[in-house]
Every structure is written in structure tokens, then in C-alpha cells.
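Commentary on secondary and tertiary structure
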Amino acid sequence: MKIKVLLVFSLLCTSLFGEIDYRYGFSASFGLPFYSGSGFEDYLDEQESSLSANDVTNNPIIGSSIGLIFEVPLNNKFTAHSELNLVGTGGGYVASFDDETSSHLLSEINLELALFIKYYFGSGETQVYLLGGPQQSYLLLSAEYIQDGSAFDKYDGLDYDFFGLAFGAGVGIEFSLVDHRGFIELRFSHEFTDTFGSSGFKQNYGGFFMGIYPSQGVANE
Amino acid sequence: MAVNLSAQEAELSTEDSDMSAWGSFGLGLAEVAVSNSTLWAFNRYINQSDYGMISLDSMETNLFGSWVWDQDEFSVNHLGHPYQGAIYYSAARSAGSEPWASLLATSFGSLTWELFMETETPSKNDLIVTTLGGASLGEMMYRLSCNLLYDSHGKIEKPGFIRIAGATILSPTTSLNNSLLGSSFHEEVAPVSGWTSIGLGYSKGDIGVDGYGTYSLYQGYSSSFSHHLNYGTPFTKKNSKPYDHFSLQAGVGLYLEQYFLTFYSEGLLKGQPLYSRWNEDAQNSLGVYMHYDFIYNELINLGANSVGFGWQHSQPLGNSWEIDWALHLGMVYMGASDILFLKFNDIYSEAPDYERRTYNLSMGNLLKVSCALDYKEKLFFDWQYKFYNLIIIEEAVPEGGTTGSEFVGDGLFSVRYVIKDPWFVGANVRFYHKQSLYTNDYPDLTEWLWSYSLQAGYTF
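Basis of the calculations
- Residues numbered from 1 in each chain as written.
- Chains lettered and ligands numbered in written order.
- Predicted model: local features only at pLDDT ≥ 70, side-chain atom pairs only at ≥ 80, totals over all residues.
- Heavy atoms only, no water.
- Helix = DSSP H or I, 4+ residues; strand = E, 2+ residues; numbered from the N terminus.
- Rg over C-alpha atoms; globule rule 2.2 N^0.38 Å.
- Buried < 20%, exposed > 50% of the residue type's maximum accessible area, 1.4 Å probe, protein only.
- Contact = heavy atoms within 4.5 Å.
- Lys, Arg positive; Asp, Glu negative; His and termini not counted.
- Charge placed at Lys NZ, Arg CZ, Asp CG, Glu CD.
- Buried area = accessible area lost by both parts, 1.4 Å probe.
- Salt bridge = Lys/Arg side-chain N within 4 Å of Asp/Glu carboxyl O.
- Nonpolar A, V, L, I, M, F, W, Y, C, P; charged D, E, K, R; others polar.
- Core = buried A, V, L, I, M, F, W, Y, C linked by side-chain atoms within 4.5 Å.
- Expected span 1.5 Å × (residues − 1).
- Pairing = 2+ DSSP bridges.
- 1 Å grid on protein atoms, 1.4 Å probe; cavity = no way out; pocket = protein on both sides within 12 Å on 5 of 7 lines; lining within 4 Å.
- Points joined across faces, edges and corners; volume = space filled by probe spheres on them.

All right, on to the overall build of chain B then. In terms of regular secondary structure, chain B is built from eight helices and twelve strands. The C-alpha radius of gyration computed for chain B amounts to 23 Å, which stays within 12% of the reference 23 Å derived for 460 residues, consistent with globular compactness. Projected onto the principal axes, the alpha-carbon positions of chain B cover approximately 65 × 60 × 40 Å. A total of 460 residues make up chain B; the buried ones form 56% of that total. Counting contacts in chain B only where the partners sit at least 6 residues apart, residues at least 24 apart contribute 70% of the total. Between the mean site of the 24 positive side-chain charges and the mean site of the 50 negative ones, chain B shows a separation of 10 Å.

Shown next as C-alpha cells:
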């Protein structure tokens, strides 16, 4: 039965994608994830008190992503742009003491599905574009890493929610790369839902993205 | 024979790429950034190392803080970092950049790694070794991978799986760019020659501690693999780019339970063939060479990044014999060699729970001499000696270490007889030695390692 369902699904996909004009691509990003929101501000105050620190400050960590892109042109200016990304995100804070600091890194690895609308300015070999839309994230792994002087500790499994919803928007340039199309992009996303429970933690990711559409021409020819 | 390629001059051919120089440089920089990100992602997500847990705070601290002499282990700093730099360099080169632009991209990769991609304090020696050792190793890896992928006119040879796999292992980014850029970018290649052999023999190692006597450490049967390669020839005016000619020797030895890795290379940066009106059969070449060398085993460790002058000579002796010799004199701008007392303390006693180097960082000089005689390309006699005089950098002495001087040498005498072209059998005697003259309370050391082996291999 399962085989039949898969077969029918495959045939449907084949017939659907056989009809429409689409292209696929690969992307990678390097960014600054951080937490914000009133809940996180309160959390930092609590940490300052509980750690007896002189100061506790928000410390964006370094994140990254790799992903697949699937894009369908809607007309000669707009495309529907979807992405499936594996994203290393999270946030952190630094506690300052008299003569040393303690760095706390809250790490999440999420699977993220983004559905964007993309608008191209002009036409030709090099095109500037804007994109934006909702992003769903699904938590795969989480951990906290603490660097306290020379001591390094890891605590697995933060009590984070499995599902998150965010809005992402960016601006980029698409260009020809020999037989392929390449792009570089600046993008920012902000989470609507709380990272866990009703904590008031909001996940943010500001990143530099780049990628390639292999040998398939421009999106809005 | 060491350097006799004059009959097969390099046929150089570079066709215009579809990309501009800036486009190539930009693509190279992007690949350097991807390379850094990939290595960081491994440290951060797979290995989950403390030094991979970077943040905005760690970047700011490194950017505005002072630089140090790194305390990482020898293999990381003198094998790993040059390889990391070689990936940067070959990424830029295979994206179409010229050697000097690729060196710039390598320094960008190394600098950004030190400042931003680790929580560790940025270190001076890492920047030097990654950039210059990486450029040296990277150009060789790039050239050899091109040699597998392209013919002598720079055309794609439609290489088979073995060639693609070999090129990818040598230089992953060259294969990547070959796939990405296709036929739009061609690189010159030059012929290679050399020999590869395996050997079985007997080895013996001694340590003499001044005032205490001599101790035998290793004694027993050994096996080895050696690879000697010459790329291009120094005896041509066609050499226009750095490393249009280079030589390298790589070796892996197993002595009892000890491994022994060696790597020596000399790359021609700029050279001039010289002709003699009194000896028209002789070929001479004088040039500036870059060297990246290391010895890595439990007894003797050496890392040396150097630049200097080299003189190569080739001449027939009558109708049957030919002689090749080479002389290199250079400055070691970043050397490293182990402090045996700290090293053995960490192995056999108790290592500290914090990072502390077991080797010195140094500067100094090198001397490389070699002589090769061949009889009708049937019988070969090779003699080589490499010598490093290293002065320990005082401000880089690790905790518990010492200042002073170190002298490291590697000598080889071998005989090869071609039984059926290209196969040969032979024998060799090899010795490594190191003298350490320390200025503090440590006694001076003398280390020797002898190896006698029978060889079998083939010439290419």
C-alpha cells in the first residue's frame, strides 16, 4: 500500500513539476543569531543576580545554515521562493566579574521551512531583489555551552519548544557565474512565537547568505 | 635523477577565462570564507570544541586584544595549519587568481580565522605558517591536481575516476572549481618526473644526554614509503610564475610502533637559467626558492618555513654518465622543533591540564645539498643532506621551556638499479640527527636515528 501511495505521489510530483517552470538551488549562510524580547532581558537580570556578576550582557553568537531552494516564477517580476534549511542558531550572554568573564552560549539546531515572495528589480545578467515571508522552524538539537575561565562545560537538551514561527526578509543580488546563477544576500528574521513556553525569548538571525542555481538561467526570463 | 627534464620542456598554455580578474578573486575569497565556515562548523557542531564556540564578544576580544605565540600541539600548527592555508590558496588559484592574488586571499583566510573563527587568542606563528606554508603547499597541490585533470595544453582531458579522485584528494577546491567553472578556466601544467618506492629495513635511535650518557630508544625492523617528485624544470626561460618548477619529497616510515613522516619541498619563485660558453653541455639555474619542510615523529620534530637562494646544475659526464647537483641556502623565518624534556614529561609523566607547547619556535638558516649520478639511466646514486640551524625565539619559549640553539639534519645515500623500465630495486642509508644546546638548566641533547633499508619501486 505504502509503495502504491509513494508511486502515486511521485507521479503527481512529476506531472506537476513537469508542467511548471521552476528552478532549484543551494544556499549557505553565516550569521549572528541572538535572543531578544522582554523575557530575555528579565532572564539576563536574573542571571546577573544569581551569578553575582558585575554585569550580564546579551552576546550574539555565530550561526550558520545550509539549505535547498525551490523557486517558481509567478510573473516577470515576482517568484515564489521556498527554502528548506538546516540552521545553527541560538543566542548567548556574557557575565563579567572583577577580573574575568563567563561566556554562555545557548545553541539550537533547527530545520527551517521558509516560504518567501521575491521581487526582482530590472532585468538582465545582474539583478537586485527583495524577498520576505514566513518561516517555520522545528527544533532538532539544543545545548548550553559555558566557558568559565579555562573550564568548559556542556549541558544537553534545553527545554525549548519544538515549533517556532518567524518572519524573514532580505535584499540580495543575483548574478551570472559562468554557466550558473549565483547570489549574495543579507537577510534578517525575527521569531513571533516564544522560544520556549511563554518565556518572552524571541529568536533573531541576521545573516549573510550566498548560493547558486546550477545551470538553469535567470528566474524571470 | 634529480632535475633532468630539459628534453621535455613545459608546454605552457593559459587561455582567457570568462571571468575578470576581480571576478576570480571574488570567487576565491568566497570559497576561502566557505572553507573557514566549514572548518568552524565542524569544530562548533560536530566536534563541539571550546575554541569553536565563537560569539560577537569573542570576535571583539580577539580583534582588539593582543596577539600571542600559539600553544597548540606540533601536528596542529605545523601540519594542520599549512594544509588549512593550502586549501585557501588552491581555492583562489583554481578560481582563476594569479599566485600573488592567491597569497592575498590566503592571508585573508588566515587573518579572519585567527580573529573571528576561534575563541582562542590570535597567534602570530599561526598567521605566518598558515599564510606562507599554506601558499607553498597550496601551489604544489594545485599544480599537481591540475596535472591530473588537464593535459599539457590546458585542455580538460576528460579524466577518469582515479584521476578525479586523486585531484580531489590533493586539492578539493581545484576539483570543485573544475566542476563549477567547467572549461572556462584553463591552467598550465608541466611534466612531472620522479620515483616512488617502498622499503624494508632496520632502524635504530639513540639519545645522548650531556653528562648522563646515551640511551637507545628504538631498535628493530622498519618499513617505509618514499615519493620523490620534480615538477617542470629550472633550466628554461619559460618559467614565469612562482612554482613553475618545484621538487618535493614525502616519506612515511614505520619503525617498530613509531611512525615517521617527512616532507621537504623547494619551489622556484623566480629563477634564471645560466649558460656557460666553456661548457655548452651543462645546464645551470640560479633562483629564489621557497621551502616548506617538516619531520614528524616521536623522537625528532621539525617544522621549517624558509626562503632562500638555490643553484641547480645538470651535466653529462662522457657518453654514459650524468650528474645533477643542487645547493640551497636559505633563511628559516618560522621554524619549530621539539623540547624533548617537555615532550617526554607529557607522554610518560603528567601533562598539564592547560595548553602548553612541547616544542620551541625559532628562526635560523637552512642548507640543502644533493648530488645525483646516473649511468645510462640504469644505475642511480643519490646523496642528499639537509641541515637546519635554529635559534629559539626567546619570547615564544613555553612554560618550562628554554632558550638556546638546535641543529637538525637529515642525510640520505641511496643506490637504485633499473631492472626493467620503470621498475627498480635499490638500497639506502638514512640518518636524522639533532643537537640541542640549551641555555638553562636542561642538559644538552644529541639525538640520532639511523635507518638501513632495501627498496623497490618505479620511476615516472
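The next subject is the interface of chain A and chain B. Counting residues at the interface gives 22 residues for chain A and 22 residues for chain B. Buried surface at the junction of chain A and chain B, summed over both partners, amounts to about 1,900 Å²; 67% is from carbon and sulfur atoms. The largest share of the area that chain A buries against chain B comes from A:Phe30, A:Ile62 and A:Val178, three residues that together contribute 29% of it. One can count zero salt bridges joining chain A with chain B. Breaking the side of chain A that touches chain B down by element, the ones donating at least two residues are β1 (23-36), β3 (63-73), β4 (78-96), β5 (101-121), β6 (127-148), β7 (151-156) and β10 (202-213) of chain A. Tallied by class, residues from the side of chain A that touches chain B come to 14 nonpolar, seven polar and one charged.

Before going further, it helps to spend a moment on the nonpolar core. Residues and elements named next belong to chain B. One finds Phe-246 and Leu-361 to be the most contacted residues of the largest nonpolar core, which totals 34 residues. Those elements that provide at least two residues to this core are α3 (74-94), α5 (124-149), β2 (213-231), β3 (246-255), β4 (258-274), β5 (283-297), β7 (321-338) and β8 (359-375). It is α5 that provides the largest number of residues to this core, a total of eight residues. Those residues in contact with Phe-246 that sit more than four places away from it in its chain are Met-140, Arg-143, Leu-144, Leu-229, Asn-230, Tyr-231, Glu-266 and Gly-267. Membership of the second largest hydrophobic core comes to 25 residues, among which are Phe-260, Ile-295, Tyr-432 and Tyr-438.

Residues and elements named next belong to chain B. The first and last C-alpha atoms of helix α1 (residues 21-46) sit 36 Å apart over 26 residues, in line with the 38 Å expected at 1.5 Å per residue. Buried residues of α1: Ser-24, Phe-25, Leu-27, Gly-28, Glu-31, Val-32, Ser-35, Asn-36, Trp-40, Asn-43, Arg-44 and Tyr-45, and no others. Immediately downstream of α1, the backbone of Gln-48 shows phi near 50 degrees, a positive value.

Once that is clear, we can look at the pairing of β8(B). Residues and elements named next belong to chain B. Sheet analysis places β7 next to β8, joined by 16 bridges and oriented antiparallel. Considered in β8, the bridge of Gly-330 is made with Leu-366. Linking two consecutive strands that pair antiparallel, namely β8 and strand β9 (residues 379-392), is a turn of three residues; a positive phi of about 50 degrees is found at Lys-376 within it.

Time to look at the layout of surface pockets. By volume, the second largest pocket amounts to about 930 Å³. Lining the second largest pocket are 30 residues, and of these A:Gln147, A:Gly149, B:Thr119, B:Glu120 and B:Thr121 lie nearest its centre. Among the secondary structure elements, those contributing two or more residues to the lining of the second largest pocket are β5 and β6 of chain A together with α2 (56-64) of chain B. It is α2(B) that contributes the most residues to the lining of the second largest pocket, four residues altogether. In terms of residue class, the lining of the second largest pocket is made up of ten nonpolar, 14 polar and six charged.

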